[in-house]
Amino acid sequence: ADYSRSLGDDSESMIEYEKSSVKGKPESHIELGKIYIQKNLYEFAVKEFDKAYSLYSVIYDNQDKYDLLANMVIVRYKLIYESPYADIKTDGNINFRKKYSDDAILYGKKALRLKNDDSNLLYILARLYCDSDKPDDIAAQKYLTKSLEADTENVDAMLLMAQLYFKHRNKTKTQEYV
């Protein structure tokens, strides 16, 4: 399956990963989830990552655990912000966004216990805290600060930090990040 994927044959690799996933291998679910993300099939990716997470106890390598958790955050972030449903304002969609946001924060915190210097993951958590139904600007600032320590050129983190300071009317700090 890995060989087919390295050749760019996602169809063949998906078939092979499906066969492996029947045997209860979390790695197969993780790889299928990654393929689904690449193809913007986020709901399918969530299902595969959730299946892999149900087998979390048999994942021994911390990097594999981190990859699973980080991808669980990323796919939920993409569903919230990049899916066709992202801009729909209905009660059902608001509940869906809240659940995925809460789940992403939970999995993100777990991932950061394994690897705490992923600038993108730290930014995603900050954004989720900023955009929640009860924004937590202090938590967002904490994650943005860590994100920028890990990557001083993370433009998304700089812009979100500037927005946060602007929101609190701190023009001096706002200008530092713009």
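Structure first, text after, so check above.
Being a predicted model, the structure only gives us computed values, none of them experimental.

S.K.: Quick question: what am I supposed to make of the packing of helix H4 (residues 42-54) against helix H5 (residues 62-81) here?
M.R.: Angle between the axes and distance between the axes: these two values describe a pair of packed helices. Put simply, H4 and H5 touch, their axes get as near as 10 Å, and they point 155 degrees apart. On the basis of their axis angle, the class for H4 and H5 is roughly antiparallel. Crossing of H4 over H5 shows left-handed handedness. Here Tyr42, Glu43, Ala45, Val46, Phe49, Asp50, Ala52 and Tyr53 of H4 lie close against H5, whose contacting residues are Leu68, Leu69, Asn71, Met72, Val75, Arg76, Lys78 and Leu79. Partitioned by chemical class, the residues of the contact of H4 with H5 number eleven nonpolar, one polar and four charged.

S.K.: Would you mind showing me how to read a positive patch on the surface here?
M.R.: On the surface, Lys109, Arg113, Lys142 and Lys146 cluster together into a positively charged patch. Put simply, the parts of the chain that give the positive patch at least two residues each are helix H6 (91-114) and helix H8 (137-150). If you trace the backbone, lysine 142 turns up in helix H8. Using a relative accessible area of 43% as the deciding quantity, one classes lysine 142 as partly exposed.

S.K.: Just checking my understanding: could you explain the packing of aromatic side chains for this structure?
M.R.: How two aromatic rings sit relative to each other is set out by the distance from centre to centre and by the angle between their planes. Going through the model one piece at a time under the given rule, you end up with seven aromatic pairs. Ring geometry for tyrosine 129 versus tyrosine 143: centroids 5.7 Å apart, planes at 10 degrees, classification stacked. Taken together, the positions of tyrosine 129 in helix H7 (residues 119-131) and tyrosine 143 in helix H8 put the pair 14 residues apart, joining distant regions of the chain. Overall, tyrosine 143 belongs to the buried group, its relative accessible area being 6%. Three or more aromatic residues joined by ring pairs make a cluster, and in this case those are Tyr53, Tyr56 and Tyr107. The positively charged end of arginine 97 is found above the aromatic ring belonging to tyrosine 81, 5.6 Å away from the centroid. Above the ring of tyrosine 56, the side-chain terminus of lysine 110 is found at 5.5 Å from the ring centroid.

Quick notes on the rules
- Sequence order as written defines the numbering, with residues in each chain counted from 1.
- Side-chain atom pairs in this predicted model are given and counted only at pLDDT of 80 or more, local residue features only at pLDDT of at least 70, and totals for whole chains, interfaces and linings cover all residues.
- In computing side-chain values, all of the structure's heavy atoms are included and hydrogens and water are not.
- Here the axes come from fitting lines to C-alpha atoms, over the contacting stretch only for helices, and the angles between their N-to-C directions go from 0 to 180 degrees.
- Secondary structure elements follow DSSP: runs of H or I of four or more residues count as helices, runs of E of two or more count as strands, with numbering from the N terminus.
- To sort the angles, those under 35 degrees are grouped as roughly parallel, those over 145 as roughly antiparallel, those from 65 to 115 as roughly perpendicular, and the leftovers as oblique.
- Crossing handedness: left-handed means the near helix sits turned counterclockwise from the far one by under a right angle, and right-handed means the same turn made clockwise.
- Residues count as neighbours in contact if any of their non-hydrogen atoms are within 4.5 Å of one another.
- Gly falls in the polar group here, along with every residue not listed as nonpolar (Ala, Val, Leu, Ile, Met, Phe, Trp, Tyr, Cys, Pro) or charged (Asp, Glu, Lys, Arg).
- Surface patches are defined over residues having more than 30% relative accessible area and no salt bridge, joining like charges when they lie within 9 Å and nonpolar side chains (Val, Leu, Ile, Met, Phe, Trp, Tyr) when within 5 Å.
- Note that accessible areas follow from Shrake-Rupley with a 1.4 Å probe, and for residues the cover is restricted to the protein chains shown.
- Just to be clear on terms, a salt bridge is a Lys or Arg side-chain nitrogen sitting within 4 Å of an Asp or Glu carboxyl oxygen.
- Positive charges come from Lys and Arg, negative ones from Asp and Glu, while His and the chain ends are left out of the count.
- Charge coordinates come from a single atom per side chain, which is NZ of Lys, CZ of Arg, CG of Asp or CD of Glu.
- Throughout this description, buried means an accessible area under 20% of the type-specific maximum (1.4 Å probe, protein chains only), exposed means over 50%, and partly exposed covers the range between.
- Side-chain rings of Phe, Tyr and Trp, where Trp is taken by its six-membered ring, are said to pair if the distance between their centres is within 6.5 Å; with planes under 30 degrees apart they count as stacked, over 60 as edge-to-face, and otherwise as tilted.
- Any Lys NZ or Arg CZ that is within 6 Å of a ring centre and within 35 degrees of that ring's normal is treated as a charge sitting over the ring.

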